Amino acid sequence: QGLCPLVLDSVVAGSRLTKVLIDGGGGLNVQFTKTVKKMGLDVTDMLTKTNSPFYGIIPGNAVVPLGQVVLPVTFETKEHYRTEYIKFEVADFETSYHAILGRPALAKFMAIPHYVYLVLKMPGPKGVLALQGDLKRSYDCDTDVIELATTNQVPNAMMEIYAASKKLAPNELDIPKNSNTTSKTNEVTLKAIDLGTGDSSKTTMISTG
């Protein structure tokens, strides 16, 4: 691969996202809640619940997505375009990207990334659709990701425990009973406390930040 990530523009659900990472080595398509809010989308009723955590977006952190959502994704040039419906994992954490497209999206588009030349090619209605990345934008995004990973993001122990628990069999999650049967003279009474009291021609530009 090249020295910098492949970052492209893409229209997602009617909004133009200027920092979409093309991750040919990743097995997920990821959308971020911060981006979704900027797009003005309310995906609450569209989410399909999932409890499967994933790793690799931020080093040292496990992420449990809020759910999955299917959104239209369009790659375009002045000559022609192509649109496919892509399933995203919706995650809530800081990153320099607006969205990440992994192998499932690339397979749907039948796209081939060229990381050395920062180019993504795919078949389109008028022949090969070639999209050129920008070296400076790719470098800036990569630098921001490293800075976020080293300063703002810390390993989340609770998320790691949760992820590990998902790999255990149900009987392994049982808390062992106390084998100490010795009677105690001092008994403590515990009181239970109830705590229950779009038109593609009209796009929104999502740029930096």
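In this text the structure is predicted, and so the values were computed from the model without any measurement.

The subject of this paragraph is the overall build of the chain. Scanning the chain for helices and strands turns up 4 helices and 10 strands. The secondary structure elements of the chain, listed N-terminal to C-terminal, are β-β-β-α-β-β-β-α-β-β-β-α-α-β. Considering the chain as a whole, with its 209 residues, one finds that 38% of them fall into the buried category.

Tallied over the entire structure, the rule returns 1 aromatic pair. Seen in terms of ring centroids, phenylalanine 75 and phenylalanine 109 are 5.1 Å apart; in terms of plane orientation they differ by 70°. Their pairing is edge-to-face. Residue phenylalanine 75 is found in strand E4 (residues 67–76), and its partner phenylalanine 109 is found in helix H2 (residues 103–109); the two are separated by 34 residues along the sequence. Judged by relative accessible area, which is 2%, phenylalanine 75 ranks as buried. Given the relative accessible area of 1%, phenylalanine 109 is considered buried.

The nonpolar side chains of a soluble globular protein tend to be buried, and buried together. One finds Ile22, Phe75, Phe88, Leu101 and Leu120 to be the most contacted residues of the largest nonpolar core, which totals 29 residues. Top contributing element to this core by residue count: E4, with 4 residues. With residues up to four places along the chain from it excluded, the contact list for phenylalanine 75 reads Leu8, Asp9, Ser10, Ile22, Tyr81, Arg82, Leu101, Phe109, Leu120, Met122, Leu129 and Leu131. Counting residues in hydrophobic clusters, the runner-up holds 11 residues, among them Val7, Leu21, Ala91 and Phe93.

So, on to the sheet that holds strand E8 (residues 119–124). Taken in spatial order, the 3 strands of this open sheet run E7-E8-E9, and their pairing is antiparallel. Across the chains shown, the open sheet's two edge strands, defined by having one partner strand only, are strand E7 (112–114) and strand E9 (127–132). The sheet shows a mean angle of 25° between the axes of neighbouring strands, taken without regard to direction. Alignment of E8 against E9, held across 6 bridges, turns out to be antiparallel. Within the sheet, the bridge partner assigned to glycine 124 lies in E9 and is glycine 127.

Positionally, leucine 17 belongs in strand E2 (residues 15–22). Linking leucine 17 and alanine 99, residues 82 residues apart in sequence, is a C-alpha distance of 7.9 Å.

Let's shift gears to the environment of methionine 46. Here methionine 46 shows up in the loop between helix H1 (33–39) and E4. Taking the C-alpha atoms as reference points, methionine 46 and glutamine 68, 22 residues apart in sequence, are found 8.1 Å from one another. Excluding residues within four positions of it along the chain, methionine 46 makes contact with Gln68, Val69, Val70 and Leu71.

With the rule as written, the count across this model stands at 4 salt bridges. The residue arginine 16 makes a salt bridge to glutamate 76 at a minimum N-O spacing of 2.0 Å. Taken together, the residues arginine 16 in strand E2 and glutamate 76 in strand E4 connect sequence positions 60 residues apart. For arginine 82, the salt bridge goes to glutamate 84, with nearest N and O atoms at 3.0 Å. Take arginine 82: its relative accessible area is 11%, and that puts it in the buried class. Overall, the relative accessible area of 18% leaves glutamate 84 in the buried class.

With respect to the helices and strands, the residue serine 138 is situated in helix H3 (residues 135–152). What makes serine 138 buried here is its relative accessible area of 0%. The contacts of serine 138, once residues within four sequence positions are left out, are Cys4, Pro5, Leu6, Val7 and Leu118.

For the chain, per-residue confidence averages 77 on the pLDDT scale, and 65% of positions sit at 70 or higher. Taken together, the stretch residues 181–185 has pLDDT below 50 and engages in 0 contacts with residues farther than four places along the chain or on a different chain. Contacts for the low-pLDDT stretch residues 190–195, under 50 throughout, to residues beyond four places or in other chains number 0 contacts.

Criteria and cut-off values
- Residues numbered from 1 in each chain as written.
- Predicted model: local features only at pLDDT ≥ 70, side-chain atom pairs only at ≥ 80, totals over all residues.
- Heavy atoms only, no water.
- Helix = DSSP H or I, 4+ residues; strand = E, 2+ residues; numbered from the N terminus.
- Buried < 20%, exposed > 50% of the residue type's maximum accessible area, 1.4 Å probe, protein only.
- Phe/Tyr/Trp six-rings, centres within 6.5 Å; stacked < 30°, edge-to-face > 60°.
- Core = buried A, V, L, I, M, F, W, Y, C linked by side-chain atoms within 4.5 Å.
- Contact = heavy atoms within 4.5 Å.
- Pairing = 2+ DSSP bridges.
- Axes fitted to C-alpha atoms, helices over the stretch in contact; angles between N-to-C directions.
- Salt bridge = Lys/Arg side-chain N within 4 Å of Asp/Glu carboxyl O.
- pLDDT = per-residue confidence, 0-100.

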